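What the coordinates show
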Amino acid sequence: MNILLWRASVQLNKAQELEQFLNTTMLQLFKQYSGCNGVTFLQYGAQLQCLSYWQNKVDAQQLFQSDTFKNLTLLMLQHWIVAAEPAEFIDIQGGFITNEALTNIACEHLYEA
């Protein structure tokens, strides 16, 4: 599996707006790509991280080359993002997560929205 990490700094006073955008518009965009196995949005204070999980790097590159992705990224930069780093593929060094935890994470977030 290929994991793509994208990091950005966000405007804290607009964090809820950004969360709504990520969990609706951006989530749907990632779901449209057959090579995408999932995406996780993480925020701690003003730091945002997006982890996306890909079958191969070519699938991820197709997303980044799409006009839709470029336009949505520009929208985020105009409204919610202060600074962003280039996305990069990272390696998993270890760890685990149970199926129950994955289910709980997904369900908890659905109920928050």
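It should be noted that the structure appears before, not after, this text.
Below: a short report on this structure. (Residues numbered from 1 in each chain as written. Predicted model: local features only at pLDDT ≥ 70, side-chain atom pairs only at ≥ 80, totals over all residues. Heavy atoms only, no water.)

For the chain, the helix and strand inventory stands at 4 helices and 5 strands. Ordered by position from the N terminus, the helices and strands of the chain form the series β-α-β-β-α-α-β-β-α. Its C-alpha radius of gyration of 14 Å places the chain within 12% of the 13 Å reference for a compact globule of 113 residues. Taking the principal axes of the C-alpha coordinates as reference, the chain spans close to 35 × 30 × 25 Å. In the chain, buried positions account for 31% of the 113 residues. (Helix = DSSP H or I, 4+ residues; strand = E, 2+ residues; numbered from the N terminus. Rg over C-alpha atoms; globule rule 2.2 N^0.38 Å. Buried < 20%, exposed > 50% of the residue type's maximum accessible area, 1.4 Å probe, protein only.)

On to the state of the cysteines. Enumeration over the complete set of coordinates arrives at 0 disulfides. No disulfide involves C36; its nearest neighbouring cysteine sulfur is the one of C50, lying 8.6 Å away. You can call C36 buried: its relative accessible area is 13%. The class for C50 is buried, based on a relative accessible area of 6%. (Disulfide = S-S within 2.5 Å.)

Topologically, G94 is positioned in the loop between β5 (88-90) and α4 (99-112). Residue class for G94 comes out exposed when judged on its relative accessible area of 56%.

Considering all chains together, one arrives at 4 aromatic pairs under this definition. When the ring of F30 is compared with that of F41, the centres are 6.4 Å apart and the planes differ by 70°; the resulting orientation is edge-to-face. Taken as a pair, F30 in helix α1 (residues 15-31) and F41 in strand β2 (residues 36-44) lie far apart in primary sequence, 11 residues in all. Here F30 matches F41 in class, with each residue buried. (Phe/Tyr/Trp six-rings, centres within 6.5 Å; stacked < 30°, edge-to-face > 60°.)

Its place among the elements puts N2 in strand β1 (residues 2-10). One polar contact links the side chain of N2 to the main-chain carbonyl oxygen of Q55, over a distance of 3.3 Å. When near neighbours in sequence (up to four residues on either side) are disregarded, N2 contacts S52, Y53, W54, Q55, N56, K57 and F89. (Polar contact = N/O pair within 3.5 Å; in protein donor to acceptor, adjacent residues only side chain to side chain. Contact = heavy atoms within 4.5 Å.)

A rise of 1.5 Å per residue sets the reference length of α1, with its 17 residues, at 24 Å; its end C-alpha atoms lie 22 Å apart and thus fit the reference within 8%. When the local axis directions of α1 are compared, the greatest deviation, roughly 35°, occurs at L22. Those residues of α1 that sit buried are A15, L18, F21, L22, M26, L29 and F30. Looking at the buried residues of α1, the elements they touch are β1, β2, β3 (47-54), α2 (57-65), α3 (67-79) and β4 (81-84). (Expected span 1.5 Å × (residues − 1). Bend = angle between axes of the 7 residues up to and from the residue.)

Residue position: M26 is located in helix α1. Along the chain, M26 and V39 lie 13 residues apart, while their C-alpha atoms are 9.5 Å from each other. In this structure, M26 is in contact with F21, F41, F69, L72 and M76, ignoring residues within four places of it in sequence.

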